[in-house]
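# Inside the fold
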Amino acid sequence: MKKISLAAFLLGLSICPMWAQVPEGAGPNLVPNPGFEDKKKDASLPKEDLDGSASFRQAIAEWNSPTMTTPDWLIVPKNKVQELKRSGASFNEAHGGIKMAAILTHNPKSERSTTYREYLQVKLPEPTKKGQEYYFEMWVCQDHRSMTASNNLGFVLSPTPVFRQSEAVKYEPLADMKPDFNYTEIINEKGREWVRISTTFTAANRAQYLIIGNFFDNKGTKFKNVGRGDQEQSYYLIDDVALHEVNPIPVAIPEPEPEPIPEPPTLAEEPMEVGKVIELDHVYFETSKWKLLDESTKQLNELVELMSKNPTMEIEIGGHTDDRGTDAANQKLSENRTKSVYEYLIGQGVAAGRMTYNGYGEKSPKTTNDTEEGRSQNRRVEFKVTKIDGKVDVNIKNDKKDYNGGDK
């Protein structure tokens, strides 16, 4: 990767040379699935997964993404490596084993964010200990397709999990988090090779979550076209991540566990009344399309449970867009997205006669369309209670029912 320099000195960390080894007498590696070789129990790899993002999201063990971006899980079997070597083709090979993770540290072509970043997050089996010295390392290599090399690859230790998936911030970088360690030199500037980045540091606080990525905006990051690859983005492979205690110190009195983060109330716990509108803020679609993403099922299943607990309740599913694009395209997109939700709920056993769906296009914004934050709030799916316990909302439209029978 890159060699660690004094410029990478941060937050009082003592920086080891890039070639530093795990210190003698250090404790075991605290990072679960450090080489990205393991998959979740009973999970299957997706049949269609062109870039490895679906495999990471659905099947990799222990690791996750703290934002709605799409890290990748790349698998290159040894027989495939030998075949590619014989052919002389450019390819990726894991540092150890046959699997590795991969993240974009910048994608200038992204339509989701001008400062597009991807991150890896893992929960440690136990929190770091305040005042304890630790050794960290990871192996990094530029992807063979990437023509842009960059700097700023580091890690944050957090006491709680990072989960930024609301509509307003789900694609934004974690630029407000100060890394516990950051490497400031451009990685693989002179050639592609697996290189180790390592550091020793003293834990300032208890933390149980390790997050890896670029925690700086475009202005604070260096990019360089290195004349390799054919894709403009800065894309790096990550493998063999390690965190070890150095000369473990005894803890005389156990420190209190961090306060648990209360779970937010589910839809099924919300009181319902005619006219109430609830935004489905964890229902996601492919960009500019209406296919539901897997992350949507949790909240939609809560809505199924809510309908079951309120057997007299009927709803209208409404879809809205921002003002980018034509009126006709926005109208079609909003209608198709609400129809996707409607069909999912029917598939989960909700009677079609209890639901209508309508697309409103760009006609009912929540806020301004002049900013990206405003536009992200205006792109939404919500539902309105139209009938419950004999009470009816007389203003509801009932012109989108793809079923036979039921109330018209």
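To be clear, the structure that these remarks concern was listed above.
Quick look at the structure, then.

## Comments concerning the side chain of Glu118
Relative to the helices and strands, Glu118 is located in the loop between strand 3 (99-106) and strand 4 (120-123). This buried residue, Glu118, is left without a salt bridge; Arg112 holds the nearest opposite charge, at 6.2 Å. A polar contact of 3.1 Å, which involves the side chain of Glu118, links it to the side chain of Tyr116.

## A word on the pairing of strand 12 (residues 234-246)
Counting buried residues in strand 12 gives 12 out of 13 residues, a clear majority hidden from the surface. Alignment of strand 3 against strand 12, held across 5 bridges, turns out to be antiparallel. Looking across to strand 12, one finds that Ile103 is bridged to Tyr236. Bridge count between strand 5 (residues 133-142) and strand 12: 9 bridges; the pairing is antiparallel. Pairing of Tyr134 across the sheet is with Glu245, part of strand 12.

## A look at the sheet that holds strand 5
Here we have 5 strands laid out as an open sheet, ordered 2-3-12-5-9, and antiparallel in their pairing. Because the sheet does not close on itself, it has two edges, and the strands there are strand 2 (72-75) and strand 9 (195-202). Between one strand axis and the next, the sheet turns through 35° on average, direction left out of account.

## Some thoughts on the pairing of strand 16 (residues 380-388)
Taken across its 9 residues, strand 16 has 7 buried, putting it largely inside the fold. Judged from the 3 bridges that link them, strand 13 (residues 277-279) and strand 16 form a sheet pairing that is antiparallel. Each bridged residue has a counterpart across the sheet, and for Glu279 the counterpart in strand 16 is Glu382. Pairing of strand 14 (residues 314-320) with strand 16 involves 7 bridges; the strand directions are antiparallel. When the bridges of strand 16 are listed, Ile315 appears paired with Val385. One ladder, built from 2 bridges, connects strand 16 with strand 17 (residues 391-392); its direction is antiparallel. Bridge pairing in strand 17 places Ile388 opposite Lys391. With antiparallel pairing between neighbouring strands as the criterion, strand 16 and strand 17 make up a hairpin whose turn holds 2 residues, including Asp389 at a positive phi of roughly 50°.

## Quick word on the side chain of Glu316
Structurally, Glu316 can be placed in strand 14. Nearest to the buried, unbridged Glu316 among oppositely charged side chains is Lys384, at 6.2 Å.

## Focus: the packing of helix 3 (residues 297-309) against helix 4 (residues 327-347)
In contact at an axis separation of 10 Å, helix 3 and helix 4 are set at 60° when each is read in the N-to-C sense. When the axes of helix 3 and helix 4 are compared, the pair comes out oblique. Viewed along their axes, helix 3 and helix 4 form a crossing whose handedness is right-handed. On the side of helix 3, the interface is formed by Thr297, Leu300, Asn301, Leu303 and Val304, while helix 4 contributes Val341, Tyr344 and Leu345. When its residues are assigned to classes, the contact of helix 3 with helix 4 shows 6 nonpolar, 2 polar and no charged.

## So, the pattern of salt bridges
Think of it this way: side chains of opposite charge can pair up when their charged atoms draw near. Counted according to the given criterion, the structure contains 19 salt bridges. A salt bridge links Lys129 to Glu126, with the shortest nitrogen-to-oxygen separation between them at 4.0 Å. For Glu372, the salt bridge goes to Arg379, with nearest N and O atoms at 3.3 Å. Through salt bridges that share partners, Asp322, Arg324, Glu372, Arg375 and Arg379 make up one connected network.

## Regarding the nonpolar core
Judged by nonpolar contacts, the single largest core of 37 residues is most densely connected at Phe36, Trp63, Leu120, Leu210, Ile238 and Val241. When contributions to this core are tallied by element, the ones reaching two or more residues are strand 3, strand 4, strand 5, strand 7 (153-158), strand 8 (181-183), strand 9, strand 10 (209-213) and strand 12. Contact partners of Ile238, with chain neighbours within four places excluded, come to Phe36, Met100, Ala101, Ile103, Leu120, Met138, Trp139, Val140, Leu153 and Trp194. The next biggest cluster of nonpolar side chains, apart from the first, holds 27 residues, and it includes Leu292, Met307, Leu345 and Val385.

## Thoughts on the packing of aromatic side chains
One pass over the full model with this rule turns up 7 aromatic pairs. Ring centres of Phe136 and Phe155 lie 4.2 Å apart, and the angle between their planes is 40°; on these two criteria the pair is classed as tilted. In this pair, Phe136 is assigned in strand 5 and Phe155 in strand 7, connecting sequence segments 19 residues apart. Owing to a relative accessible area of 0%, Phe155 belongs among the buried residues under this scheme. Members of the aromatic cluster, connected to one another through ring pairs, are Tyr134, Phe136, Phe155, Phe181 and Phe201.

## With respect to unusual backbone geometry
With phi around 45°, Asn33 is a residue other than glycine that occupies positive phi space. Mapped onto the secondary structure, Asn33 falls in the segment before helix 1 (53-58). Despite not being glycine, Asn152 shows a phi value in the positive range, around 60°. Take Asn152: it is sitting in the loop between strand 6 (148-150) and strand 7. According to the relative accessible area criterion, Asn152 is buried, its value standing at 3%.

Rules behind the numbers
- Residues numbered from 1 in each chain as written.
- Predicted model: local features only at pLDDT ≥ 70, side-chain atom pairs only at ≥ 80, totals over all residues.
- Heavy atoms only, no water.
- Helix = DSSP H or I, 4+ residues; strand = E, 2+ residues; numbered from the N terminus.
- Buried < 20%, exposed > 50% of the residue type's maximum accessible area, 1.4 Å probe, protein only.
- Lys, Arg positive; Asp, Glu negative; His and termini not counted.
- Salt bridge = Lys/Arg side-chain N within 4 Å of Asp/Glu carboxyl O.
- Polar contact = N/O pair within 3.5 Å; in protein donor to acceptor, adjacent residues only side chain to side chain.
- Pairing = 2+ DSSP bridges.
- Axes fitted to C-alpha atoms, helices over the stretch in contact; angles between N-to-C directions.
- Parallel < 35°, antiparallel > 145°, perpendicular 65-115°, else oblique.
- Left-handed = near helix turned anticlockwise from the far one by under 90°.
- Contact = heavy atoms within 4.5 Å.
- Nonpolar A, V, L, I, M, F, W, Y, C, P; charged D, E, K, R; others polar.
- Core = buried A, V, L, I, M, F, W, Y, C linked by side-chain atoms within 4.5 Å.
- Phe/Tyr/Trp six-rings, centres within 6.5 Å; stacked < 30°, edge-to-face > 60°.

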